[in-house]
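An overview of the molecular structure
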Amino acid sequence: MPCYEFEGLVPVVDPTAYVHPTAVLIGDVIVGPGVYIGPTASLRGDYGRLILEAGSNLQDGCIMHGYCDMDTVVEQEGHIGHGAILHGCVVQRNALVGMNAVVMDGAVIGEESIVAAMSFVKAGFSGEPRQLLVGSPAKAIREVSDQDLHWKGLNTQEYQALVRRSAVSMNEVEPLPEMEVNRPRLQGVTEVQPKL
């Protein structure tokens, strides 16, 4: 993985984390145990500190950045969907930020909350636990149900398993010229299905 020291600060990655080789870590970045960081994620700790706590995930194409003297934090079991941007914010324990959502400076996403895909959480927003946040600017439209939280938990378990699966089986290869006969399908570790 491209990993860069910046003004004497070297990223820290727990040995049980998985960081895809195309993700970029710069400077003041702290990656905790069992964290998954996907392809092309950019963690630019050249101003503020970036922290991913145990069991969280930051998926493909996500960006983390923040101002000086501010921490951008994804707490334990936080789940950050493809292409999301986190800037100077805190995503509390077991919360989910959906695909291509943006969470701005000083915002706090309450624990066990869900930010819908494509939503924009404005600077300084202070969320409560178990809010479903939707729109631009994002507003709480209802409480996150036990069923929602169960679905979120299954998805997070898949990424926690992906840490281990990627560490033992992901290898750079040359593509095949054609598909094999009876090509197997990959299986997850839970029964999670898309929420339609």
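Structural data are supplied above this passage.
Every value quoted in this text rests on a predicted model; they were computed, and no experiment measured them. (Residues numbered from 1 in each chain as written. Predicted model: local features only at pLDDT ≥ 70, side-chain atom pairs only at ≥ 80, totals over all residues. Heavy atoms only, no water.)

Details of the packing of aromatic side chains
Aromatic rings in a pair are described by how distant their centres are and how their planes are angled relative to each other. The full count for this structure, using the stated rule, is two aromatic pairs. Relative to Tyr-36, the ring of Tyr-18 has its centre 5.9 Å away and its plane inclined at 20°; by these criteria the two rings are stacked. Separated by 18 residues along the polypeptide, Tyr-18 in strand S3 (residues 18–19) and Tyr-36 in strand S5 (residues 36–37) bring together distant segments of the chain. Both residues of the pair, Tyr-18 and Tyr-36, count as buried. Members of the aromatic cluster, each reached through a chain of ring pairs, are Tyr-18, Tyr-36 and Tyr-159. (Phe/Tyr/Trp six-rings, centres within 6.5 Å; stacked < 30°, edge-to-face > 60°. Helix = DSSP H or I, 4+ residues; strand = E, 2+ residues; numbered from the N terminus. Buried < 20%, exposed > 50% of the residue type's maximum accessible area, 1.4 Å probe, protein only.)

Quick look at the pairing of strand S18 (residues 131–135)
Both strand S16 (residues 114–115) and S18 contribute to a ladder of two bridges, which runs parallel. For Ile-114, the partnering residue across the bridge sits in S18 and is Leu-132. Two elements, S18 and strand S19 (residues 138–143), share five bridges in a ladder whose sense is antiparallel. What sits directly across from Val-134, in S19, is Lys-139. Once S18 ends, the chain turns through two residues before running back antiparallel as S19. (Pairing = 2+ DSSP bridges.)

A few points about the sheet that holds strand S13 (residues 96–97)
By way of backbone hydrogen bonds, the strands of a sheet pair with one another, either parallel or antiparallel. Spatial ordering of the open sheet is given by S3-S5-S7-S10-S13-S16-S18-S19, a layout of eight strands whose pairing is mixed. Edge positions in the sheet fall to S3 and S19, since each has one partner strand and no second. Judged from the two bridges that link them, strand S7 (residues 57–58) and strand S10 (residues 79–80) form a sheet pairing that is parallel. Within the sheet, the bridge partner assigned to Asn-57 lies in S10 and is His-79.

Quick word on the side chain of Asp-148
Considering the arrangement of structural elements, one finds Asp-148 in helix H1 (residues 146–169). Looking at Asp-148, its side chain comes within polar contact range of the side chain of Arg-142, at 2.7 Å. (Polar contact = N/O pair within 3.5 Å; in protein donor to acceptor, adjacent residues only side chain to side chain.)

Details of the side chain of Ser-56
Secondary-structure assignment places Ser-56 in the loop between strand S6 (42–52) and S7. Residue classification places Ser-56 among the buried positions, given a relative accessible area of 1%. Among the polar contacts made by the side chain of Ser-56, one reaches the main-chain carbonyl oxygen of Glu-53 at a distance of 2.7 Å. Not counting residues up to four positions away in its chain, the partners in contact with Ser-56 are Gly-34, Val-35, Tyr-36, Val-74, Glu-75, Glu-77 and Gly-78. (Contact = heavy atoms within 4.5 Å.)

Some details on the nonpolar core
Judged by nonpolar contacts, the single largest core of 32 residues is most densely connected at Leu-43 and Leu-86. Counting only elements with at least two residues in this core, the list comes to strand S4 (24–31) and S6. Core analysis: the next-biggest nonpolar cluster, separate from the first, contains five residues, Leu-96, Ile-114, Val-144 and Leu-149 among them. (Core = buried A, V, L, I, M, F, W, Y, C linked by side-chain atoms within 4.5 Å.)

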